[in-house]
Amino acid sequence: MQSRGLYIAVAVLIILGGTLYWSNHRKPSDDSSKASADTPPTILKLDQSSIDKLELKKKDAPALVLAKGSSGDWQITDPKPLRADQSAVSGMLADVSSLNSERLVDDKASNLAPFGLDQPALELDISHKDNKSQRLLIGNNTPTGSVYAALANDPRVFTIASYTKTSLDKSLNDLRDKRLLPVSADKVSQIELIRKGEDIEFGRNKDAWQILKPQPYRADGTQVSDLLNKLTDAKMDLAGSDAGDASSAFAKSSPVATAKLTDESGTQELQVRKSKDTYYAKSSAVNGAYKVTSDLGKALAKNVDDFRNKKLFDFGYSDPNRIELHSGSKSYFLTRGTGGYDDWWSNGKKMDSNADTVVSDIRDLSASKFVDSGFSNPTIDLAVTSDDGKRIEKVAIAKSGDHYVAKRDNDPSLYQIDASPVDDLLKAADALKPAAK
């Protein structure tokens with residue numbers, strides 16, 4: 001009897017265990033089904049790179065047509081041929097190619113009129129390289145502030161967020177390239193500034209700028225790049241007054257400068273003029289004249305010295321390999337350690353932290369202005385070797401009144417330097433001593 005009772009108990013436990021197992025494993029499946037039902041369906045999931053044409057249609061407005069050229073760049077073909085803003089078009093394509101709904105309103109809508117989809121406020125016709133196409137219809141706003149949307153030949157009606165509609169509802173001015181000089185700054189090889197009394201020309205060799213006119217000078221790369229960025233960032237002010245008003249104002253304004261940018265495709269030109277505190281520009285790349293920022297006008301008005309490199313040495317923030325300093329009867333030699341060590345050595349001895357001060361003071365030597373005279377009887381000679389011995393820079397410095405005048409080797413320019421930076425360098429050199437052991 002005891003054995004029989006034991007068998008029955010075991011059987012009951014097996015049944016209960018099986019039921020519990022089935023229940024535990026069944027529940028996630030039910031939850032998964034519920035989560036799937038609650039997940040808003042995707043309206044469009046497209047390969048953005050395969051889209052080669054996009055047509056935007058609005059009520060009572062001409063269609064706006066975008067087409068991808070053979071180079072991969074987008075162009076506006078209708079209502080008139082214009083360059084497209086590649087970034088703006090890419091952003092819109094990203095939104096439409098991965099378009100999610102907020103919810104499914106009706107999965108078998110027989111009448112689209114209640115949703116405003118029979119005559120949609122916005123229609124996007126999307127064409128692909130494989131001749132496939134989709135038509136996205138965007139209709140009325142919902143009572144809760146969303147927007148109804150559907151695909152042509154699909155009975156389902158969805159809602160999308162209002163900001164999604166905004167990201168797709170673009171005008172001609174939203175999508176056109178508004179740059180007055182449609183060139184890439186990193187592709188420009190030459191800049192010319194034509195101005196009354198002084199023309200300036202810059203040439204680029206790899207990543208380094210050089211002043212070519214009025215004379216060959218070392219250029220301050222930061223200043224030249226800032227000018228170039230202001231030119232390539234200049235845009236049409238399409239929200240301002242009528243284009244005819246800007247053209248009339250441009251014609252009556254005083255010339256500031258004409259800037260010419262040259263890249264591998266040719267040269268483009270921008271004329272800038274000023275009327276009181278307002279600047280206007282006219283480009284060879286677009287029709288009409290437009291207001292531009294005062295920052296651009298002021299950059300074009302700088303003189304050649306503003307673009308010259310005032311630093312005496314070009315080694316910048318990389319540590320040089322060797323420094324040689326002669327001041328009167330005193331001489332100092334510093335060599336940077338090899339094998340991954342950044343210590344400074346002199347006459348076989350490791351030097352203390354004053355060596356770093358000497359290097360920093362040399363790096364900071366900079367002209368307060370450029371002069372035509374005052375360099376005679378130099379008393380300080382500096383030679384700096386950097387770039388693993390590939391670059392040797394030599395500078396001679398002469399005392400001139402209450403300041404100094406310096407001259408670089410093979411450079412006719414004279415650099416006037418305030419007295420304190422040179423005096424600080426000489427004090428740091430006098431303080432050089434071996435590091436404590």
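First, a word on scope: everything that follows refers to the structure included in this document.

Here is what the cut-offs are and how they apply
Residue positions are counted from 1 within each chain, in the order its sequence is given. Reporting of local features is limited, given that this is a predicted model, to residues whose pLDDT is at least 70; pairs of side-chain atoms are given and counted only at 80 or more, and all residues count toward the totals for whole chains, interfaces and linings. Here the side-chain values reflect all heavy atoms present in the structure, with hydrogen atoms and water set aside. We count a stretch as a helix when DSSP gives it H or I for four or more residues in a row; a strand needs E for two or more, and each element gets its number in order from the N terminus. When accessible area is computed with a 1.4 Å probe and restricted to protein chains, residues below 20% of their type maximum are described as buried, those above 50% as exposed, and intermediate ones as partly exposed. The contact criterion used throughout is that any non-hydrogen atoms of two residues lie within 4.5 Å. Note on areas: Shrake-Rupley, 1.4 Å probe, and residue coverage restricted to the protein chains presented here. The term polar contact refers here to a pair of N or O atoms within 3.5 Å; inside protein, the definition further demands a hydrogen-donor-capable atom paired with an acceptor-capable atom, and it admits residues adjacent in sequence only when both atoms are side-chain atoms. In this description, strands pair whenever DSSP reports at least two bridges between them. Working convention: axes come from line fits to C-alpha atoms, limited for helices to the stretch in contact. Angles between N-to-C directions cover 0 to 180 degrees. The aromatic pairing rule takes the rings of Phe, Tyr and Trp, using the six-membered ring of Trp, and pairs them if the centres are within 6.5 Å, calling planes under 30 degrees apart stacked, those over 60 edge-to-face and the rest tilted. Each ring is checked for a lysine NZ or an arginine CZ that lies within 6 Å of its centre and within 35 degrees of its normal; such an atom marks a charge sitting over the ring. Only buried residues count toward a nonpolar core, which is a set of Ala, Val, Leu, Ile, Met, Phe, Trp, Tyr and Cys residues joined through side-chain atoms within 4.5 Å.

### Structural notes on the overall build of the protein
- A tally of regular secondary structure across the protein gives nine helices and 28 strands.
- Out of the 437 residues belonging to the protein, those deemed buried represent 38%.
- Within the protein, contacts between residues at least 6 apart in sequence are counted, and of these 57% link residues at least 24 apart.
- Carbon and sulfur atoms form 47% of the exposed surface of the protein, whose accessible area is close to 24,600 Å².

### Thoughts on unusual backbone geometry
- A cis amide bond links aspartate 78 to the next residue, proline 79, at an omega of 10°.
- Cis peptide bonds are those with omega within 30 degrees of zero, and the linkage from lysine 213 to proline 214 qualifies with 10°.
- Inspection of the secondary structure puts proline 214 in the loop between strand E14 (208-213) and strand E15 (217-218).
- A positive phi is found at asparagine 131, a non-glycine position, where the angle reads about 70°.
- Looking at the element boundaries, asparagine 131 is found in the loop between strand E8 (122-128) and strand E9 (133-141).
- Look at asparagine 131 and you get exposed, because its relative accessible area is 75%.
- A positive phi angle, near 65°, is found at asparagine 153, a position not held by glycine.
- Within the fold, asparagine 153 resides in the loop between strand E10 (147-151) and strand E11 (157-160).

### Concerning the side chain of arginine 218
- The residue arginine 218 is located in strand E15 in this model.
- Within the local environment of arginine 218, its side chain forms a polar contact with the backbone oxygen of lysine 311, the two atoms lying 2.8 Å apart.
- A distance of 2.9 Å separates polar atoms of two side chains, one belonging to arginine 218 and the other to tyrosine 415.
- Apart from the residues lying within four places of it in its own chain, the contact partners of arginine 218 are Gln210, Ile211, Phe307, Arg308, Asn309, Lys311, Leu312, Phe313, Asp314, Arg408, Asp411 and Tyr415.

### Details of the sheet that holds E8
- Read from one edge to the other, the open sheet built from nine strands follows the order E5-E4-E3-E2-E8-E9-E10-E11-E7, with strand pairing classed as antiparallel. The open sheet terminates on both sides in strands that have one partner only, identified here as strand E5 (82-83) and strand E7 (103-106).
- Relative to E11, E7 runs antiparallel, the two being bridged by three bridges. Note on E11: the bridge partner recorded for leucine 104 is phenylalanine 158.
- Sheet strands in contact with helix H2 (residues 86-97) are strand E2 (51-58), strand E3 (64-68), strand E4 (74-78), E8 and E9, and its direction is about 85° off that of E2.

### Overview of the packing of aromatic side chains
- Applying the stated criterion across every chain yields a total of four aromatic pairs.
- When the ring centre of phenylalanine 250 is taken as reference, the NZ or CZ atom of arginine 273 above it lies at 4.4 Å.
- The ring of phenylalanine 370 has arginine 308 sitting right over it, with the charged end atom 3.6 Å from the ring centre.

### Some thoughts on the pairing of E3
- The sheet contact formed by E2 and E3 spans four bridges and is antiparallel. Paired with glutamate 55 across the bridge in E3 is valine 65.
- In textbook terms, the turn of a hairpin is the stretch between consecutive antiparallel strands, and for E3 and E4 this stretch comprises five residues, one of which, glycine 72, has a positive phi near 95°.

### Brief notes about the nonpolar core
- By size, the foremost hydrophobic cluster in this structure holds 34 residues, and its most contacted members are Leu180, Ile191, Phe202, Leu227, Leu231 and Leu300.
- Leucine 231 has contacts with Leu181, Ile191, Ala259, Leu261, Leu270, Leu296 and Leu300, leaving out every residue within four places of it along the chain.
- Of all hydrophobic cores here, the second largest spans 32 residues; its members include Phe313, Trp344, Met351 and Ile397.

### Here we look at the pairing of strand E12 (residues 190-194)
- Only one face of E12 is covered, namely the one carrying Ile191 and Leu193; the face carrying Gln190, Glu192 and Ile194 has none of its residues buried.
- Sheet topology places E12 next to strand E13 (residues 200-205); four bridges connect them, and they run antiparallel. From the neighbouring strand, leucine 193 faces E13, where its bridge partner is isoleucine 200.
- The turn joining E12 and E13, which pair antiparallel and follow one another in sequence, is formed by five residues; a positive phi near 90° is taken by glycine 197.
- In this sheet, strand E16 (residues 254-263) lies alongside E12 in antiparallel orientation, the contact comprising five bridges. Residue pairing for E16: isoleucine 194 is matched across the bridge by threonine 258.

By themselves, these figures tell us nothing about what the structure is for.
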